[in-house]
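Inside the fold
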Amino acid sequence: MPSSRSCPIWAGPVVEAGAVQVTVLGTAFEVDRDAAGVTVSVRSGRVRVDGPGAVTTALGQGETVALWQDGRLFVDGATVAEVVDRLRAYTPGLIIVADDALGARQVTGLYDLGDPAAALSALMRAHGGRIRRIGPLLTILDDA
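Fair warning: this is a prediction, and the values are worked out from it, not measured in the lab. (Residues numbered from 1 in each chain as written. Predicted model: local features only at pLDDT ≥ 70, side-chain atom pairs only at ≥ 80, totals over all residues. Heavy atoms only, no water.)

1. Remarks on the overall build of the protein chain
Here is the rule we go by: Runs of E in the DSSP output that reach at least two residues are strands. Runs of H or I that reach at least four are helices, and both are numbered from the N terminus. To measure how exposed things are, a 1.4 Å probe is used in the Shrake-Rupley method; for residues, cover is taken only from the protein chains shown.
A tally of regular secondary structure across the protein chain gives three helices and 13 strands. Of the roughly 7100 Å² of accessible surface on the protein chain, 55% is carried by carbon and sulfur atoms.

Right under this line is the structure:
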């Protein structure tokens, strides 16, 4: 059963916290909402988080995502590939993670969704990846 310090709306298998929806997939999790945004933390099982801007992500045990109303994304225990999935909603064109080892690296960080190119650059710098842009609509990420 989900718990919350900020009393989101509980509607069966979906918790609504403002514009963010968290779908229960057999789990124990917390949803916190305040003036800054929404934070979802999974203790066991999995949840799907849907938010503004078509951001959708699945979280597993020990993972946390925060969606801030000011356009920032905080992740703890996600993988590079999962963060890239979240950034895709804010980036025109296609982003490909061409290196499985890079995509599997664990990530903790705060990213500015208002500048997804800078967020992607910060992600790659922190995890030893390389960004190759092929025209305006294709970005390939691999190990440097």
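2. A closer look at the pairing of strand β11 (residues 106–112)
The condition that has to hold: Note on classification: 1.4 Å probe, protein chains only; a residue is buried when its accessible area is under 20% of the maximum for its type, exposed when over 50%, partly exposed between these limits. In this scheme, strands are said to pair when DSSP sees at least two bridges between them.
Going residue by residue along β11, you find V107, G109 and Y111 tucked away on one face and Q106, T108, L110 and D112 left uncovered on the opposite face. Of the pairings in the sheet, the one linking strand β9 (residues 72–79) to β11 comprises seven bridges and is antiparallel in character. In the strand pairing of β11, L73 is matched with Y111.

3. Some words on the nonpolar core
Put simply, the test is: Nonpolar cores are built from buried Ala, Val, Leu, Ile, Met, Phe, Trp, Tyr and Cys residues. Side-chain atoms within 4.5 Å join them into one set. Only heavy atoms enter the contact rule, under which two residues are in contact if any of them lie within 4.5 Å.
Counting 31 residues, the largest nonpolar core has V22, V40, V49 and L123 as the members making the most contacts within it. Sequence-distant contacts of V22, defined by excluding residues within four places in its chain, comprise P13, V14, V15, F29, V31, V40, V47, R48 and V49.

4. Thoughts on the packing of helix α1 (residues 80–88) against helix α3 (residues 116–127)
Two numbers describe a pair of packed helices, the interaxial angle and the distance between the axes. Which entries qualify depends on this criterion: In this analysis an axis means a line fitted to C-alpha atoms, helices contributing only their contacting stretch, and an angle means the value between N-to-C directions, from 0 to 180 degrees. Angular relationships are summarised with four words: roughly parallel below 35 degrees, roughly antiparallel beyond 145, roughly perpendicular across 65 to 115, and oblique for the angles in between. When residue character is reported, Ala, Val, Leu, Ile, Met, Phe, Trp, Tyr, Cys and Pro are called nonpolar, Asp, Glu, Lys and Arg charged, and the others, Gly included, polar.
In contact at an axis separation of 11 Å, α1 and α3 are set at 175° when each is read in the N-to-C sense. Accordingly, the angle class assigned to the pair α1 and α3 is roughly antiparallel. Contact residues: α1 offers V80, V83, V84 and L87, while α3 offers A119, L120, L123, M124 and H127. For the contact of α1 with α3, the per-class residue count stands at eight nonpolar, one polar and no charged.

5. Some words on the pattern of salt bridges
Rules: A pair is scored as a salt bridge if a Lys or Arg side-chain nitrogen falls within 4 Å of a carboxyl oxygen belonging to Asp or Glu.
One pass over the full model with this rule turns up four salt bridges. The partner of D143 in a salt bridge is R105, and the shortest N-O contact between them spans 3.1 Å. Remark: R105 occurs in the loop between α2 (100–104) and β11 and D143 occurs in strand β13 (residues 138–143); sequence separation between them is 38 residues. Using a relative accessible area of 32% as the deciding quantity, one classes D143 as partly exposed.

6. Re the confidence of the model for the protein chain
This is how it is decided: As a per-residue measure, pLDDT reflects the predictor's confidence and takes values from 0 up to 100.
Overall, the prediction assigns the protein chain a mean pLDDT of 82, with 88% of residues at 70 or greater. Of all the helices and strands in the protein chain, strand β1 (residues 9–11) carries the lowest mean pLDDT, 45, while strand β10 (residues 94–97) carries the highest, 96.

7. Looking at the environment of R72
Among the structural elements, R72 can be located in strand β9. Separated by 40 residues in the primary sequence, R72 and D112 place their C-alpha atoms 4.6 Å from one another. Contact partners of R72, with chain neighbours within four places excluded, come to A66, L67, L110, Y111 and L113.

8. Notes on the sheet that holds β13
Spatially, the three strands line up as an open sheet ordered β10-β13-β12, and their pairing is mixed. Two strands bound the open sheet, and with one partner strand each, they are β10 and β12 (129–133). In this sheet, adjacent strand axes meet at a mean angle of 20° when their direction is disregarded. Note: β10 against β13, four bridges, orientation parallel. Counted as the bridge partner of I95 is T139 from β13. Those strands touched by α1 are β10 and β13, and its axis lies near 175° from that of β10.

9. Here's the deal with α3
In plain terms, the rule: To estimate how far a helix should reach, multiply one less than its number of residues by 1.5 Å. Here the arc refers to the set of directions running from the helix axis out to each C-beta atom.
With 12 residues, α3 extends 16 Å between its outermost C-alpha atoms, agreeing within 8% with the 16 Å of an ideal straight helix rising 1.5 Å per residue. Among the residues making up α3, those that are buried are P116, A119, L120, L123, M124 and H127. Viewed along the axis of α3, the buried residues span an arc of 130°, placing them on a single side of the element. α3 presents R125 and A126 as exposed residues on the side facing more than 90 degrees away from its buried surface. Against the buried residues of α3 lie α1, β10, α2, β11, β12 and β13.

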